[in-house]
Amino acid sequence: MSNDRTYMPVRAVSEALGAQVNWDDASRSVFITFTEDDAIAKVVSDVSSSVVSIIGNYAGNETAASYNNPTVHGSGVIYKSNGHIITNAHVVENVKNLTCVLSDGTMLPANVLYSDKDADLAIIKIDKLGLTPVTMADKSSVVSGKTAIAIGTPISMSMRNTVTKGIVSGVDVALDGSYYKLIQTDATVNPGNSGGPLLNIKGELIGINSSKYASISIDNVAFAIPVDTVQYAISQFEKHGKIIRPDVGFTLEQSWEARIGLPTKKGLIVKSSQNSQFKTDDVVTSVNGIEVHSIADWNEAIKTTYNGQSIHITYIRNGVLAETDIN
């Protein structure tokens, strides 16, 4: 530090960030070149050691017989240095002889600690210390138009830790049938990418790649489970051994507008009820003060507000607004 200024070595700092540095003696000037290619290559270099391939055998002859290859593989990402890995629940479901392949080729047996089909997230564990955990992004930084980078093992184990790039196409996407809201991306995702990380340009985890639309007429429409849902699931697993959800005693149905993704102010219709507080055709409008217009809205509200105690529900019956608590 000199004259209230802090001086840093330009070449060391810039090259650490992946930039190219050139010095011109004649003008005594430094030229720093930093492109998107440099940034993405830097992300891949930094994060690859946090990405694993997951392989195993289908459990049960009936399941295996329906596939040409009786093995299954997917991807995962290390989030704790002691061997905790987050992946999709569907990657490890009904799989035996579960094995993780690290970026350096090391193969280690893995065990499933927790799994939740609704969230489509699972935690597996390998016995190894000193691993490099991924850094998780702040949800507020995940916005449409920003760069999205997927790393994983598509199609074949020979394609371990391969990379595709796109953008965040949309956030808070509620598909018909999706339990929570999702990130949409046009980064190419193929079978085997499931469970791997979707990253921002800083190399931070913004989501876990989970699914895609596949059709001759559809190109590059893939989905990832957002980082806040990932963090929620990890917290729930570690505190309770599972994701705790209220037993409300009724089933809900969303409007046709919500099913096809149209904006709507309609609430959720009680389709059937074993709860004496609710009747068929009651319309639930909010839970714990959060308006709900789709099944994903309901689940997101429970995710952000439910603490294992009661939930407060506002509903309409025969045109009259009412409210109650469910313990």
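Up top is the structure.
Residues numbered from 1 in each chain as written. Predicted model: local features only at pLDDT ≥ 70, side-chain atom pairs only at ≥ 80, totals over all residues. Heavy atoms only, no water.

### Describing the overall build of the chain
In step 1: Helix and strand content of the chain: 7 helices and 20 strands.
In step 2: Out of the 327 residues belonging to the chain, those deemed buried represent 45%. (Helix = DSSP H or I, 4+ residues; strand = E, 2+ residues; numbered from the N terminus. Buried < 20%, exposed > 50% of the residue type's maximum accessible area, 1.4 Å probe, protein only.)

### Concerning the sheet that holds strand 14 (residues 222-226)
In step 1: Read around the closed barrel, 6 strands run 9-10-11-14-13-12, paired in antiparallel fashion. In this sheet, neighbouring strand axes are inclined to one another by 45° on average, regardless of whether the strands run parallel or antiparallel.
In step 2: Alignment of strand 12 (residues 197-199) against strand 13 (residues 205-212), held across 3 bridges, turns out to be antiparallel. Paired with P197 across the bridge in strand 13 is I208.
In step 3: The strands that helix 5 (residues 227-240) touches are strand 13 and strand 14; relative to strand 14, the one it contacts most, it runs at about 45°. (Pairing = 2+ DSSP bridges. Axes fitted to C-alpha atoms, helices over the stretch in contact; angles between N-to-C directions. Contact = heavy atoms within 4.5 Å.)

### Here we look at the sheet that holds strand 7 (residues 107-116)
In step 1: Read around the closed barrel, 6 strands run 3-4-5-8-7-6, paired in antiparallel fashion. Across the sheet, the mean angle from the axis of one strand to that of its neighbour is 40°, orientation sign disregarded.
In step 2: Bridge count for strand 6 (residues 95-101) against strand 7 is 3 bridges, and the pairing is antiparallel. Within strand 7, the residue paired with C100 across the bridge is L108.

### Looking at the packing of aromatic side chains
In step 1: Evaluation of the coordinates by the stated rule reveals 6 aromatic pairs.
In step 2: Three or more aromatic residues link up through ring pairs in this structure, and these residues are F250, F278, W298 and Y315.
In step 3: Here the guanidinium or amino end of K303 rests over the ring plane of Y180, the centre of that ring lying 5.5 Å away. (Phe/Tyr/Trp six-rings, centres within 6.5 Å; stacked < 30°, edge-to-face > 60°. Lys NZ or Arg CZ within 6 Å of the ring centre and 35° of its normal.)

### Observations regarding the pairing of strand 9 (residues 147-152)
Remark: a regular strand shows side chains that alternate across the two faces of the sheet.
In step 1: Burial analysis of strand 9 places 6 of its 6 residues in the buried class, the great majority of the element.
In step 2: Here strand 9 shows two buried faces, one formed by T147, I149 and I151 and the other by A148, A150 and G152.
In step 3: Bridge count for strand 9 against strand 12 is 2 bridges, and the pairing is antiparallel. Directly across from A150, in strand 12, lies its bridge partner L198.

### Thoughts on the side chain of N299
In step 1: Relative to the assigned elements, N299 resides in helix 7 (residues 295-305).
In step 2: Beyond its immediate stretch of four places on either side in the chain, N299 contacts Y179 and Y180.

### Remarks on the pattern of salt bridges
In step 1: Applying the stated criterion across every chain yields a total of 13 salt bridges.
In step 2: Where R245 meets D116, a salt bridge forms, and the shortest distance between an N and an O atom there is 3.0 Å. Here R245, found in the loop between helix 5 and strand 15 (250-253), pairs with D116, found in strand 7; they are 129 residues apart in sequence, far enough to count as distant.
In step 3: On the accessibility criterion, D116 (10% relative accessible area) is buried.
In step 4: Here E257 makes a salt bridge to K266, at a shortest N to O gap of 2.9 Å.
In step 5: One continuous salt-bridge network, built from bridges that share partners, spans K139, D228, E300 and K303. (Salt bridge = Lys/Arg side-chain N within 4 Å of Asp/Glu carboxyl O.)

### Notes on unusual backbone geometry
In step 1: Located in the positive-phi region is D120, a residue other than glycine, with phi close to 55°.
In step 2: One non-glycine residue, D172, lies in positive phi territory at about 55°.
In step 3: Positionally, D172 belongs in strand 10 (residues 162-173).

### Side note on the nonpolar core
Across soluble globular proteins, nonpolar side chains show a tendency to be buried alongside one another.
In step 1: The biggest cluster of nonpolar side chains holds 29 residues, and the ones touching the most others in it are V47, I86, L121, L199, I208, V230 and I243.
In step 2: Contributing elements (two or more residues each) for this core: helix 2 (36-47), strand 4 (71-80), strand 8 (121-126), strand 9, strand 13, strand 14 and helix 5.
In step 3: Ranked by residues supplied to this core, first place goes to helix 5 with 5 residues.
In step 4: Residues within four places of I86 in sequence aside, it is in contact with G76, V77, Y79, L121, A122, I123, G195, I208, V230 and I234.
In step 5: Counting residues in hydrophobic clusters, the runner-up holds 19 residues, among them V52, Y58, L102 and A110. (Core = buried A, V, L, I, M, F, W, Y, C linked by side-chain atoms within 4.5 Å.)

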